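Residues per chain, in single letters:
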Amino acid sequence: MNDIVLKTQDLTKHYGGVHALEGADFELRAGEHVAIMGDNGAGKSTFVRQITGVEQRTRGKVWLYGKEVHFAGPLDAREAGIETVFQTLALADDLDVPDNLFLGREITKWNWLGPFRRLDYKAMREATMAGLEKTAVKIPNIRNSIRNMSGGQRQCVAIARTATFHSKLTIMDEPTAALGVQETAQVENIIRTLKEDGEPLILISHNMRQVMDLVDRIIVFRRGRIVANLKKEETDGQDVVAYITGAKTGAEFEGAA
Amino acid sequence: MADTSHGTGGLTFHKSKRVWPNEMNIFVALILIILIFEALGQLLPYMKGQSMLFDFNTRRDDTILNMARIKIIILQVSIIGIIALGVTQVIITGGIDLSSGSVVGAAAMIAMSFAQTELVNGNPNPKAIFGNWAMDLPIIVPLLIGLGCGLIAGAVNGLLIAYTRIPPFIATLGMMVSLRGVAKWWSRGNPISFPTEEYADISNGNIVDSLTFGLFSDSWTMTQLFDGQNPAIYFLLLAVLFHFVMKYTVYGKHTYAIGSNEDAARMSGINVSGQKVLVYAIAGTLAGFAAILLTSRNVTAQAGMGFVYELDAIAMAVIGGVSLTGGRGSIIGTVLGALIFGVIISGFTYLKLDAFYQEMVKGAIIVAAVVLDQWRQQRSAAKA
Ligand SMILES: Nc1ncnc2c1ncn2[C@@H]1O[C@H](COP(=O)(O)OP(=O)(O)OP(=O)(O)O)[C@@H](O)[C@H]1O
Ligand SMILES: [Mg+2]
């Protein structure tokens, strides 16, 4: 089916004897927002790293828009249209906000100069302001280096980066883990903007309220395996917690955990 | 979204304001150091109230500046300053280049051997390295050979660092030792002398006069300011060029990004290895150019040329605020660092202190600059 954005089959990752991810079958449809939940060490970030080419999988297959993909590195994945906010932020501390937003894809003039082509600072600043405006992210001065910003502001920059560039799929690994109330609200607004624009999203989060507010579907990981696939309307917080803790296992996943 | 319009900390938002540059602090430091030397000139009894940079009871009524000393200070730092421009870029990537002094030595010997003139006062060149075929070659030949030597040495540094992942410290240390060997081997330790007149003019001529077609040859400015100051002019031009390159081009941005967070740079799609090769190659080429200026100025090349220039160049960059951990610093900072360096060395001569003390203090300045850098970093880390 061509409305399937991302599909994985039997996706598996072993670190030596550690079975961090085991036989994950997963599907994401066009415009859909899906949350991945699970205890610490359940394998959520490992799952993301296999999809985004940060690591090479032990076994299994991945399709993006119906095409089987083998990303050699995170850059391949980004070029294929997957924007990711990793749990460890990938920002250059000494650069400012526009620099970070456009790192590796700068707007330039005088392109015949090759590596010495000129940066169009004005265009990048304007696009940055527009992007921050659109996502309602608040940064006191975008020309400050990232080093001088609070953890929350840095996180917002990383997220604004994914939201500024239209992508085929956005993945956020615990984007609000370190944030205060205001910043969390900002990030949630960015996610709502993506939803309105019909851009699909995978959100990893430990925050039950947030997940219930934002997504269409919840996937629960437990000890490296997917143990539940729940439509938001058909579940509630207590139910999800039961799956996370292992008190319950989804019917179709019996014998898995 | 109205519920989030207050934002973090009650500040105003969506601003794009210029940030106070760190270079201003270094400029203030330069002024302070000059003032200290001026004060010592007034206070120390044996100095009899001399001034370092001013000339108040001048008989010529043209200027109150001591032009002679200012010119010497600038000339003194120009050649190593050109090396420092490249070293600055290397350090901003988070690397280090210990080979620049030896690149100067090797490039000096090799370039000079293609710059010789056939007849010296009517006699065959007593220091001839090659046969007649290598005599009186067009100036472009030794020029390209000198630059090429630097380029190759730098590119090899870059390739080693980018693709074998050995630390820059080790790769360039190896290059430093090997190239000093090359410099000695090239003419079996003999100095190479008697270049063509054009070659000697690279440093000793007056490029400003040439570029203005001799129209202002007789003016005071032309002779007072620019005679014999070619290395300083080249330093200035290259500094301006690389200031723009580092600040306004993709090359510059990627150089800062790599030193700031190499993983982030790689994840953002920057060709980190290619960029490193380019940066080290440019640094090497600048060292090659320094070799040309040095041999032209001295009209001779010796295997020991450029000895410990790499440390002076690193010191200039670090004094100028270039952080040894990478990601921070600027060309303007390094130029100011070079001037501070020059003022201190020259200030010691002016205070009539022995050369031994100069070396001791030079070492102390390098260490002090690094301590200052770490202190700056701890402060900014504590703030974040
Ligand atoms: N590089 C590695 N080498 C060995 N084991 C690893 C490696 N990376 C992860 N693991 C292990 O794999 C398991 C899954 O880790 P993962 O980071 O995917 O957890 P997570 O679900 O993202 O947890 P959290 O909520 O804490 O982020 C853990 O037991 C972890 O220790
Ligand atoms: Mg994780």
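Starting from 1, residues in each chain are numbered consecutively following that chain's sequence as written. A letter from A marks each chain and a number from 1 marks each ligand, given out in the order of writing. Residue-level local features of this predicted model are given only where pLDDT is at least 70; pairs of side-chain atoms are given and counted only at 80 or more, and the full residue set underlies all totals for whole chains, interfaces and linings. Calculated side-chain values reflect all of the structure's heavy atoms, with hydrogen atoms and water omitted.

## Observations concerning the pattern of salt bridges
Residue and element names in this part refer to chain A.
Then step 1. Counted as salt bridges are all cases of a side-chain nitrogen of Lys or Arg within 4 Å of a carboxyl oxygen of Asp or Glu. In the structure shown here, the tally under the stated rule is 21 salt bridges over all chains.
Then step 2. With a closest N to O distance of 3.2 Å, Asp3 and Arg29 form a salt bridge. Of this pair, Asp3 sits in the segment before strand 1 (4-15) while Arg29 is found in strand 2 (residues 18-29), placing the two residues 26 residues apart along the sequence.
Then step 3. Its relative accessible area of 30% is what places Arg29 among the partly exposed residues.
Then step 4. Glu27 is the salt-bridge partner of Lys7, the closest N and O atoms lying 3.6 Å from each other. Placement of the pair is Lys7 in strand 1 and Glu27 in strand 2, with a sequence separation of 20 residues.
Then step 5. Here the term buried applies to any residue with accessible area under 20% of the maximum for its type, exposed to any over 50%, and partly exposed to those in between, with areas from a 1.4 Å probe on protein chains only. Since its relative accessible area comes to 28%, Glu27 is described here as partly exposed.
Then step 6. Salt bridges sharing common partners tie together Asp3, Lys7, Glu27 and Arg29. Labels follow the DSSP assignment, with helices taken as runs of H or I lasting at least four residues and strands as runs of E lasting at least two, numbered in each case from the N terminus.

## Some details on the packing of helix 2 (residues 67-92) of chain B against helix 9 (residues 230-248) of chain B
Residue and element names in this part refer to chain B.
Then step 1. In this analysis an axis means a line fitted to C-alpha atoms, helices contributing only their contacting stretch, and an angle means the value between N-to-C directions, from 0 to 180 degrees. Where helix 2 contacts helix 9, the axes come no closer than 8 Å and their chain directions differ by 20°. Accordingly, the angle class assigned to the pair helix 2 and helix 9 is roughly parallel. Crossing geometry of helix 2 relative to helix 9 is assigned as left-handed. The residues of helix 9 that touch helix 2, namely those facing Ile74, Leu75, Ser78, Ile79, Gly81, Ile82, Leu85, Gln89 and Ile92, are Pro231, Ala232, Tyr234, Phe235, Leu238, Ala239, Phe242 and Met246.
Then step 2. For the contact of helix 2 with helix 9, the residue count by class is 14 nonpolar, three polar and no charged. An angle below 35 degrees is treated as roughly parallel, one above 145 as roughly antiparallel, one from 65 to 115 as roughly perpendicular, and anything else as oblique. Left-handed describes a crossing whose near helix is turned anticlockwise from the far helix through less than a right angle; right-handed describes the clockwise counterpart. Any two residues having at least one pair of non-hydrogen atoms within 4.5 Å are treated as being in contact. Nonpolar residues are Ala, Val, Leu, Ile, Met, Phe, Trp, Tyr, Cys and Pro. Charged residues are Asp, Glu, Lys and Arg, and all others, Gly as well, are polar.

## What to know about the layout of surface pockets
Residues and elements named next belong to chain B.
Then step 1. Grid points spaced at 1 Å and placed over the protein atoms alone form the basis of the search, with a cavity being a set where a 1.4 Å probe fits but cannot get out and a pocket an open set showing protein on both sides within 12 Å along at least five of seven lines. Lining residues have an atom within 4 Å of a point. Grid points are joined across faces, edges and corners, and a volume is the space filled by probe spheres set on the points. Within this model, the second largest pocket holds a volume of roughly 560 Å³.
Then step 2. As for the second largest pocket, its lining consists of 22 residues, and the residues nearest its centre are Ile80, Tyr309, Asp312, Phe341 and Lys362.
Then step 3. For the lining of the second largest pocket, the leading source of residues is helix 15 (residues 355-383), giving six residues.
Then step 4. In terms of residue class, the lining of the second largest pocket is built from 13 nonpolar, five polar and four charged.

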